[in-house]
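# Per-entry structural report
Read off the chains here:
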Amino acid sequence: MATPLLFTFIQSYFAAFRPRSLPALLEPSTGNNALILALEAGNYLLTFVNESLDQCILWGQGRAKALNLHGTF
C-alpha cells in the first residue's frame, strides 16, 4: 500500500503535465508577452524533440539534450 506522502508526490507529479489554459494578462508588457510565447511553445516541445530525434541529430550534445527532454516528457 502506498503511503499518503508517496501518493501526494505522484499525484502532484502527474498534475504538473496536464494541459492548462494560458494565464490572463492583467497588463501587456514585454515580459508578460515573452512568458505567453514560452508557454505556447511548450505545448509543441515534445513534438519538436521527437521530430529532431527522428531526423538524426548529428551534434552529440544536442542529441543528449533531446534525449533528456524526451525522457522528461
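What comes next concerns the included structure. Here the structure is a predicted model, which is why all the values come from computation and not from measurement.

## Describing the overall build of the protein
- The number of helices and strands found in the protein is four helices and zero strands.
- Going residue by residue from the N terminus, the α and β elements of the protein occur as α-α-α-α.
- Of the roughly 6400 Å² of accessible surface on the protein, a fraction of 66% belongs to carbon and sulfur atoms.

## Some details on a nonpolar patch on the surface
- Together, Phe 9, Ile 10, Tyr 13 and Phe 14 make up a nonpolar patch on the protein surface, roughly 450 Å² of accessible area in all.
- On the basis of relative accessibility, which here comes to 37%, the residue Ile 10 falls in the partly exposed class.

## Some words on unusual backbone geometry
- Backbone geometry places Cys 56, a non-glycine residue, at a positive phi of 60 degrees.
- Here Cys 56 lies in the loop between α3 (45–54) and α4 (60–72).
- The class of Cys 56 is exposed, set by a relative accessible area of 56%.

Each value, and the rule that gives it
Residues numbered from 1 in each chain as written. Predicted model: local features only at pLDDT ≥ 70, side-chain atom pairs only at ≥ 80, totals over all residues. Heavy atoms only, no water. Helix = DSSP H or I, 4+ residues; strand = E, 2+ residues; numbered from the N terminus. Areas by Shrake-Rupley, 256 points an atom, 1.4 Å probe, with all protein chains shown as cover. Patch = residues over 30% accessible without salt bridge, like charges linked within 9 Å, V, L, I, M, F, W, Y side chains within 5 Å. Salt bridge = Lys/Arg side-chain N within 4 Å of Asp/Glu carboxyl O. Buried < 20%, exposed > 50% of the residue type's maximum accessible area, 1.4 Å probe, protein only.

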